[in-house]
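# Close look at the chain arrangement
These are the residues of each chain, in order.
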Amino acid sequence: MAPLSQTGFRLFPAALGPEAQAALLAEVMARVARAPFYRPVTPGGKPMSVEMTNFGPLGWVTDARGYRYQPTHPQTGEPWPDIPQALLDLWGEVTEASAPPDACLVNLYGEAARMGLHQDKDEADFAYPVLSVSLGDTAVFRLGGVSRRDPTASVRLASGDVCVLAGPARLAHHGIDRVLAGSSRLIPGGGRINLTLRRAGPGPG
Ligand code: MD3
Ligand code: FE
């Protein structure tokens, strides 16, 4: 695989400063009060170690029926809360996308949470980029290539870091090997929250 910088992977270290991180976390937690984190189950029946919720018109869910996007929280039946304006602004500033995101997956990692190597393939149009914002404890992120057999590289994602996956990187394999407990004081009680903005449905027009 070509070097990360040539693949459509762009990392913006500390794109959000401490005050912007705290303000975004407050926006997130206000919405989590209405759309609580829950522990999804894979189609194979295994509970994930990561807890999840979503913001925006569509939310990514997994259960015995499979992986999909849906407009409501699986436990409350309510529509997902709106995407914080600061995230919509970031998408406009950092991506070239011609339409706004319609999905914001919120992942909560405790000390022992991991996410195995996978591709994001449940969206309608892979021409749209994916944007990720990390808050709280640093994650050891693994990025590979479009083939599962491609070599991988390890990248640390710290609180306030933003990354954009576009072009060839949009279908790259990736995962979270582990979270470095105690590396940030942003989240009371520790842990890591990742916000992933996507266009899940087809673009307008
Ligand atoms: C690389 N989340 O929810 S975000 C996921 O930190 C997911 O919670 C991780 O992978 C997390 O699906 C990684 C960074 C990320 C997001 C999407 C990507 C990296 C990506 C799509 C393609 C390639
Ligand atoms: Fe992913």
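Attention in this report is confined to the structure presented alongside it. Throughout this description, residue numbers start from 1 for each chain and increase along the sequence as written. Chain letters start at A and ligand numbers start at 1, both assigned in the order the entries are written. For this predicted model, a pLDDT threshold of at least 70 governs which residues receive local features, and a threshold of 80 or more governs which side-chain atom pairs are given and counted, while totals over whole chains, interfaces and linings are taken from all residues. As a convention, hydrogens and water are excluded, and side-chain values are obtained from all of the structure's heavy atoms.

Turning next to the overall build of the protein chain. Secondary structure elements are taken from DSSP: a helix is a run of H or I of four residues or more, a strand is a run of E of two residues or more, and numbering for both begins at the N terminus. Counting its regular elements, the protein chain contains two helices and twelve strands. When the elements of the protein chain are put in sequence order from the N terminus, they spell out β-α-β-β-β-α-β-β-β-β-β-β-β-β. For the protein chain, the C-alpha radius of gyration of 16 Å lies close to 17 Å, the compact-globule estimate for 205 residues. With the C-alpha coordinates of the protein chain rotated into their principal frame, the extents come out at 45 × 40 × 35 Å. Buried positions account for 49% of the 205 residues belonging to the protein chain. As a reference, a globule follows 2.2 Å times the number of residues to the power 0.38, and the radius of gyration itself is taken over C-alpha atoms. Here's how the labels work: a residue is buried when its accessible area is under 20% of the maximum for its type, exposed when over 50%, partly exposed in between, all with a 1.4 Å probe on protein chains only.

The next subject is helix α2 (residues 85–94). Listing the buried residues of α2 in full gives Leu87, Leu90, Trp91 and Val94. The buried residues of α2 occupy an angular sector of 100° when the element is viewed end-on, so they sit on one face. Along α2, exposed side chains directed more than 90 degrees from the buried face belong to Gln85, Gly92 and Glu93. Summarising the contacts, the buried residues of α2 are in contact with β1 (9–12), α1 (18–32), β5 (103–109), β7 (130–136), β10 (162–165) and β12 (192–198). Working definition: the arc comes from the directions between the helix axis and the C-beta atoms, pointing outward to the latter. Two residues form a contact once any of their heavy atoms are found within 4.5 Å.

As a rule, N, O and S atoms within 2.8 Å of a metal are its donors, except that Na, K and Ca use 3.2 Å; water is not among the atoms, so sites may look incomplete. For the iron ion (ligand 2), the protein coordination sphere consists of His118 (NE2), Asp120 (OD) and His174 (NE2), at 2.0 to 2.2 Å. Counting along the primary sequence, the residues that act as donors to the iron ion (ligand 2) give the motif H-x1-D-x53-H. In this pair, His118 is assigned in strand β6 (residues 115–118) and His174 in strand β11 (residues 174–179), connecting sequence segments 56 residues apart.

Our focus in this paragraph is the packing of aromatic side chains. Each Phe, Tyr or Trp ring, with Trp reduced to its six-membered ring, pairs with another whose centre is within 6.5 Å; inter-plane angles below 30 degrees give stacked pairs, above 60 give edge-to-face pairs, and intermediate values give tilted ones. A complete count under the given rule lists two aromatic pairs for this structure. Taking 6.2 Å as the distance between ring centres and 25° as the angle between the ring planes, the aromatic pair formed by Phe9 and Phe141 counts as stacked. Remark: Phe141 occurs in strand β8 (residues 139–143) and Phe9 occurs in strand β1; sequence separation between them is 132 residues. Across this residue pair, the class does not change: Phe9 and Phe141 are buried. Distance and angle both matter: a charge sits over a ring if NZ of Lys or CZ of Arg is within 6 Å of the ring centre and within 35 degrees of the ring normal. Geometry around Tyr109 places Arg192 over its ring, the cationic atom sitting 5.1 Å from the centre.

The next subject is the side chain of Ser159. With respect to the helices and strands, Ser159 occurs in the loop between β9 (153–157) and β10. Ser159 sits in the buried class, given a relative accessible area of 16%. Counted as a polar contact is a pair of N or O atoms within 3.5 Å, where, for protein atoms, one must be capable of donating a hydrogen and the other of accepting one, and residues adjacent in sequence contribute only when both atoms are in side chains. Separated by 2.6 Å, the side chains of Ser159 and Gln21 make a polar contact. Reaching out from Ser159, the side chain makes a polar contact with the backbone nitrogen of Gly136 at a distance of 2.9 Å. Once residues lying within four places of it in the same chain are set aside, the contact partners of Ser159 are Gln21, Ser134, Leu135, Gly136, Ser184 and Leu186.

Moving on, we get to the site of ligand 1. We define proximity as follows: a residue is near a molecule or strand when any one of its heavy atoms falls within 4 Å of that partner. The local shell around ligand 1 holds 18 residues, among which Asn107, Tyr109, His174, Arg192 and Arg198 are the closest. Contact between ligand 1 and Tyr109: an oxygen atom at 2.5 Å from a side-chain N or O atom of the residue. Here His174 contributes a side-chain N or O atom positioned 2.9 Å from an oxygen atom of ligand 1. Using a 1.4 Å probe, accessible areas were evaluated by the Shrake-Rupley method; residue-level cover was limited to the displayed protein chains. For ligand 1, whose free accessible area comes to 500 Å², the fraction covered by protein is 98%.

With phi around 50°, Ala14 is a residue other than glycine that occupies positive phi space. With respect to the helices, strands and loops of the structure, Ala14 is situated in the loop between β1 and α1.

Turning to the pattern of salt bridges, a few remarks are in order. Salt bridge, as applied in this entry: a Lys or Arg side-chain nitrogen positioned within 4 Å of an Asp or Glu carboxyl oxygen. Per the counting criterion, the structure on display carries nine salt bridges. The salt bridge partner of Asp63 is Arg68, with a shortest N-O separation of 2.7 Å. Owing to a relative accessible area of 24%, Asp63 belongs among the partly exposed residues under this scheme. With relative accessibility at 19%, the residue Arg68 sits in the buried group. The partner of Asp177 in a salt bridge is Arg142, with the nearest N and O atoms 2.9 Å apart. One end of the pair, Asp177, is in strand β11; the other, Arg142, is in strand β8, and 35 residues separate them in sequence. Classification of Asp177 as partly exposed rests on a relative accessible area of 28%. Among the residues examined, Arg142 registers a relative accessible area of 27% and is labelled partly exposed. Where salt bridges share partners, they join Asp120, Glu123, Arg170 and Arg198 into one cluster.

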